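# Structural overview
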Amino acid sequence: MVDFFEPSSREELGRRLKAACIGTVPQSMSLQAVDRDGRLVALELRLVPHRRGRQPSVFGLAANPGATGNAVEELEILRDSYTTLSETMSDPILQINENFRILFANTAVQNVFGYPREELVGKDLSMLFPPSVYERYSGLLRKYFIVDVADRKASRLEHSLEMLGQNKNREVVPLELTFGNSKSHRGERVLTCIVRDITQRKMAERRLRFLAYHDKLTELGNRDLFYVTLGQFLQSVKRYHDSQGALLFLDLDGFKKVNDTLGHAIGDRVLCECARRLSSCLRESDQVYRFGSELEPGTAPQEDLFRFGGDEFVILLTRLARPTDAAVVSQKIIEAIRRPFHLPGVEDSSKVAVGVSIGIALIPEDGTDPMSLIRSADVAMYKAKEQHNRYVYFTAELNEKARERVTLESGLRGALDKRQLDLYYQPIVNGFGHIEGAEALLRWRNSSGEQVPPSHFIPVAEDTGLILPIGDWVLERACRDLRSWNENGHAELYISVNLSSRQMVREDMVHRLLEVIRDTGVNPSNLKIEITETSLMHDPQAARRQLEEIKTRHPGIRIAIDDFGTGYSSLAYLSDFPVDLLKIDRRFVINLDKGQNARIVNSIIALARNLKMDVVAEGVETVDQFRYLSAQDCRTFQGFYFAKPMNSVELSGLLASKK
Ligand code: C2E
Ligand code: MG
Ligand code: MG
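Definitions and cut-offs
Residues numbered from 1 in each chain as written. Chains lettered and ligands numbered in written order. Predicted model: local features only at pLDDT ≥ 70, side-chain atom pairs only at ≥ 80, totals over all residues. Heavy atoms only, no water. Helix = DSSP H or I, 4+ residues; strand = E, 2+ residues; numbered from the N terminus. Rg over C-alpha atoms; globule rule 2.2 N^0.38 Å. Buried < 20%, exposed > 50% of the residue type's maximum accessible area, 1.4 Å probe, protein only. Contact = heavy atoms within 4.5 Å. Areas by Shrake-Rupley, 256 points an atom, 1.4 Å probe, with all protein chains shown as cover. Donors = N, O, S within 2.8 Å, 3.2 Å for Na, K, Ca; no water. Phe/Tyr/Trp six-rings, centres within 6.5 Å; stacked < 30°, edge-to-face > 60°. Domains from an automatic or database assignment. Core = buried A, V, L, I, M, F, W, Y, C linked by side-chain atoms within 4.5 Å. Axes fitted to C-alpha atoms, helices over the stretch in contact; angles between N-to-C directions. Parallel < 35°, antiparallel > 145°, perpendicular 65-115°, else oblique. Nonpolar A, V, L, I, M, F, W, Y, C, P; charged D, E, K, R; others polar. Near = heavy atom within 4 Å. Polar contact = N/O pair within 3.5 Å; in protein donor to acceptor, adjacent residues only side chain to side chain. Pairing = 2+ DSSP bridges. Salt bridge = Lys/Arg side-chain N within 4 Å of Asp/Glu carboxyl O. Expected span 1.5 Å × (residues − 1). pLDDT = per-residue confidence, 0-100. Lys, Arg positive; Asp, Glu negative; His and termini not counted. Left-handed = near helix turned anticlockwise from the far one by under 90°.

### Thoughts on the overall build of the chain
Along the backbone of the chain there are 23 helices and 23 strands. In terms of overall size, the chain is more extended than a compact globule, its C-alpha atoms giving a radius of gyration of 41 Å where 659 residues would be expected to give roughly 26 Å. Taking the principal axes of the C-alpha coordinates as reference, the chain spans close to 135 × 60 × 55 Å. Counting across all 659 residues of the chain, residues that qualify as buried make up 46%. Contacts in the chain between residues at least 24 apart in sequence constitute 61% of all its contacts with a sequence separation of at least 6. Accessible surface, the chain: about 34,600 Å² in total, of which carbon and sulfur atoms supply 51%.

Shown next as structure tokens:
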């Protein structure tokens, strides 16, 4: 096409063409063309961008102002080509005068606005917009009459405007309006405007925004949206000092089990159902906290429920009248989540049992920035988790405990490497005071030189998984000590080692145990394993499988149920497990003279006898306790009355002296 133009005009043409292709604004210019006979002809060229499908294209309208032919004919040709051009465009084209009267409309207006073009010509532009929108934008529209395309940038005027239009059926349509330069025409200024229906684009944008800020599975707001919403709310709290809110951290109880036993697909459905129950609780509870709202209408974020990931949800209550309202909402949620599940098409859905633990942080009392609030709610949730299906408000005391725990945890991480752990042994004796064996008990002296009681650090080690490396160390150390005692004159002595539930469910548990037995060369018949009744009941099937495997590989290893009487195991389970002995929990023994404890102890001893199991009484502190237990036919004892836990050197000494 450029060949038709004189070389000095080609560059300008190329630039304008590119601008018209990229942009949406018509480009006008004067240039020199070359006619068939090689003569130069002055032309006025107008390039109108026209987007059809994906490919940008441009219409060119050329006029020869200096032509000597019939001027009327020239104008008619020009008008015809303009009309043809505007008719081929699928987007509406409107021309308006300074009074916003419509002078021209192409047929495409009907596609977007529903009016045939004849109905629009001569009418006011305002009929194509909702009144409120038109009112807001009319000042801006006027500017397009005055400011030239080239000057728009300097006047901060966008090349196109996005605004809502209104069609004949009074439906709202998102539009993009692009304006050309205004021209003087028979004494009045005329502005051409190309209108585009951007419904599809807006929908795609909205979908993209939705995807970026929502969780795919439950369609709840995601973590990012939560931070944005919380940030907005905290700002409004700062501005309106009397507004109050609460942050609720929710963690499902028992969800992992659903995933493990019924599979992830069902797990996903349970999560969706929980999300649904949560939203309906919030909608129902609306009145509870919407009363007494001090927020300006429209300033409160609409979204209040978010999925934080996994089985964690977060609720932001932004219109809290009283702090106790957070409890009302929480209780409602707990009841809704624990209701039975009926998942259509899932046979086992009645087996789904989930609960929820909720931590509550009040805004602004428990934090005025997102991080501290989240921490507070998390600390409270952690506390709630200890018992399941309950809610806990954040308190300063909880915070202190949480801080202690963090210190404990970081100290414990270094304990193995820093050789701060030690193993003590507490003798287990028969009725004549003869030492038959000993229980290995872990001791930790921390960096400040303090002895940390196992009841403090073992739960932390279990939660963090540190119990696995620590447990390995205990087992190996106990086996080495045992072998050395067995080889040095105490061939019959046995050692009892505690295994935590985390160790029990470990896939390679049996393999580890066999490895240690092989490496240390210990006689497995002198080894006992203690598992608490509670951890056995944690996952009875898995525990049973592991214990049976141990017994198959090394029938000599004996298995004890520790702290028996506190874990509510059923008799059916008990007779099914390959267990050799029961250790009566020391709380019964120490309080033998109180309540039903003596009867409970009697029953445990009788039960052990019936099941052909041995029985050890723990925590024997007095001669009276010893006498009573002996009279009940208990033959093995452990407790301060006989000996306290001691280190291996002390036990060696004690063993030697007894000989
Ligand atoms: P446990 O296995 O029931 O151990 C017996 C606990 O009772 C020991 O507490 C022992 O010192 C204490 N005890 C023994 N006789 C008496 C008595 O006459 N009166 C009183 N008041 N207490 C007595 P310890 O050493 O503090 O250990 C507490 C718990 O920590 C243990 O209870 C056990 O569950 C756990 N634990 C200790 N070492 C280990 C270990 O290596 N691995 C695992 N997983 N847990 C361990
Ligand atoms: Mg024990
Ligand atoms: Mg015990």
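### Looking at the coordination of the magnesium ion (ligand 2)
For the magnesium ion (ligand 2), every protein donor is listed as Glu 439 (OE), Asn 498 (OD1), Glu 530 (OE) and Asp 562 (OD), and the spread of their distances is 2.0 to 2.2 Å. Each donor residue of the magnesium ion (ligand 2) lies on one chain, and together they are spaced E-x58-N-x31-E-x31-D. In this structure, the magnesium ion (ligand 2) is positioned 4.1 Å from the magnesium ion (ligand 3), and both are ligated by Asp 562. Taken together, the positions of Glu 530 in strand S19 (residues 527-532) and Asp 562 in strand S20 (residues 558-564) put the pair 32 residues apart, joining distant regions of the chain.

### Focus on the packing of aromatic side chains
Summed over all chains, the structure comprises 17 aromatic pairs. Ring centres of Tyr 227 and Phe 308 lie 6.3 Å apart, and the angle between their planes is 50 degrees; this geometry places the pair in the tilted category. Here Tyr 227 is found in helix H7 (residues 223-239), whereas its partner Phe 308 is found in strand S11 (residues 305-309), with 81 residues between them in sequence. With relative accessibility at 30%, the residue Tyr 227 sits in the partly exposed group.

### A closer look at the domain arrangement of the chain
Each domain of the chain was delimited in the assignment, giving domain 1 (2-63), domain 2 (84-197), domain 3 (211-394) and domain 4 (462-636). Spacing between the C-alpha centres of domain 2 and domain 4 amounts to 86 Å.

### Some words on the nonpolar core
If you look at the biggest cluster of nonpolar residues, it comprises 75 residues, and the most contacted ones within it are Leu 412, Tyr 425, Ile 495, Leu 582, Ile 584 and Leu 629. Not counting residues within four places of it along the chain, the set of residues in contact with Leu 412 comprises Trp 444, Phe 457, Val 460, Ala 461, Leu 466 and Ile 470. By size, the runner-up hydrophobic cluster in this structure holds 35 residues, among which are Leu 278, Phe 313, Ile 337 and Ile 360.

### As for the packing of helix H11 (residues 370-385) against helix H12 (residues 396-415)
Orientation of H11 relative to H12, taken along the N-to-C sense of each, is 85 degrees, at an axis distance of 10 Å. Taken together, the axes of H11 and H12 are roughly perpendicular relative to one another. For the pair formed by H11 and H12, the contact residues are Val 379, Ala 380, Tyr 382 and Lys 383 on the first element and Leu 398, Asn 399, Ala 402 and Arg 405 on the second. Here the contact of H11 with H12 is built from residues that sort into five nonpolar, one polar and two charged.

### What to know about unusual backbone geometry
Of note, the amide linkage connecting Ile 363 to Pro 364 takes the cis form, showing an omega dihedral of 10 degrees. Relative to the elements of secondary structure, Pro 364 occurs in the loop between strand S13 (355-363) and H11. Phi at His 388 takes a positive value of approximately 70 degrees, unusual for a residue other than glycine. Looking at where His 388 falls in the secondary structure, it is placed in the loop between H11 and strand S14 (391-393). For Asp 563, which is not glycine, the phi dihedral falls at a positive 50 degrees. Among the structural elements, Asp 563 can be located in strand S20.

### Looking at the site of ligand 1
Glu 439, Asp 562, Arg 586, Glu 621 and Phe 640 are the nearest of the 23 residues found near ligand 1. With respect to ligand 1, the side chain of Gln 426 contributes an N or O atom lying 3.0 Å from a nitrogen atom. In the environment of ligand 1, an oxygen atom lies 2.7 Å from a nitrogen or oxygen atom belonging to the side chain of Arg 586. Alone, ligand 1 offers 800 Å² of accessible surface; in the complex the protein occludes 85% of this.

### Quick notes on the coordination of the magnesium ion (ligand 3)
The protein atoms that coordinate the magnesium ion (ligand 3) are Asp 562 (OD), Asp 563 (OD), Glu 618 (OE) and Glu 618 (OE), at distances of 2.1 to 2.4 Å. Summarised as a motif, the one-chain spacing of the donors to the magnesium ion (ligand 3) is D-D-x54-E.

### A look at the pairing of strand S5 (residues 102-105)
On a regular strand, one side chain projects to one face of the sheet and the next to the other, so that they alternate. In terms of strand pairing, strand S4 (residues 93-97) meets S5 through three bridges, oriented antiparallel. Its bridge partner lying in S5, Ile 96 is registered against Ile 102. With antiparallel pairing between neighbouring strands as the criterion, S4 and S5 make up a hairpin whose turn holds four residues, including Phe 100 at a positive phi of roughly 60 degrees.

### Description of the pairing of strand S18 (residues 494-499)
Counting buried positions along S18 gives five out of six residues, so the element sits mostly inside the fold. For strand S16 (residues 435-445) and S18, the ladder comprises four bridges, and the chain directions are parallel. Across the sheet, the residue bridging to Ala 440 is Val 497, located in S18. In this sheet, S19 lies alongside S18 in parallel orientation, the contact comprising five bridges. Within S19, the position partnered with Asn 498 by the bridge is Glu 530.

### Concerning the pattern of salt bridges
Following the criterion strictly, the structure yields 40 salt bridges and no others. The salt bridge partner of Glu 162 is Lys 202, with a shortest N-O separation of 2.8 Å. Of this pair, Glu 162 sits in strand S6 (residues 160-166) while Lys 202 sits in helix H6 (residues 199-213), placing them 40 residues apart in sequence. For Glu 162, a relative accessible area of 38% corresponds to the partly exposed category.

### Here's the deal with helix H10 (residues 325-338)
With 14 residues, H10 should cover 20 Å at 1.5 Å per step; its first-to-last C-alpha distance of 20 Å lies within 8% of that length. Within H10 the residues assigned to the buried category are Asp 325, Ala 326, Ala 327, Val 329, Ser 330, Ile 333, Ile 334, Ala 336 and Ile 337.

### Re the confidence of the model for the chain
Here the chain averages 88 in pLDDT, and 94% of its residues register 70 or above. Taken element by element, the predicted model of the chain shows its lowest mean pLDDT in helix H2 (residues 71-88) (74) and its highest in strand S23 (residues 636-637) (98). Counting contacts from residues 287-302, a segment whose pLDDT is below 50, to residues more than four positions away or on other chains yields 31 contacts.

### Observations concerning the side chain of Arg 46
With respect to the secondary-structure elements, Arg 46 resides in strand S2 (residues 40-52). Despite its burial, Arg 46 pairs with no opposite charge, the nearest such side chain being Glu 44 at 8.8 Å. Once you skip the residues sitting within four places of it in the chain, Arg 46 turns out to touch Pro 26, Gln 27, Ser 28, Phe 59, Gly 60 and Leu 61.

### Here we look at the packing of helix H16 (residues 509-520) against helix H18 (residues 540-553)
The geometry of a pair of packed helices is captured by two quantities: the angle between their axes and the separation between those axes. Between H16 and H18, the shortest axis-to-axis distance is 9 Å and the interhelical angle comes to 30 degrees. By the angle class used here, H16 and H18 are roughly parallel. By crossing handedness, the relation of H16 to H18 is classed as right-handed. The segment H16 lies against H18, with Met 509, Val 510, Leu 513 and Leu 514 engaging Gln 546, Glu 549, Ile 550 and Arg 553. Taken together, the residues that form the contact of H16 with H18 break down as five nonpolar, one polar and two charged.

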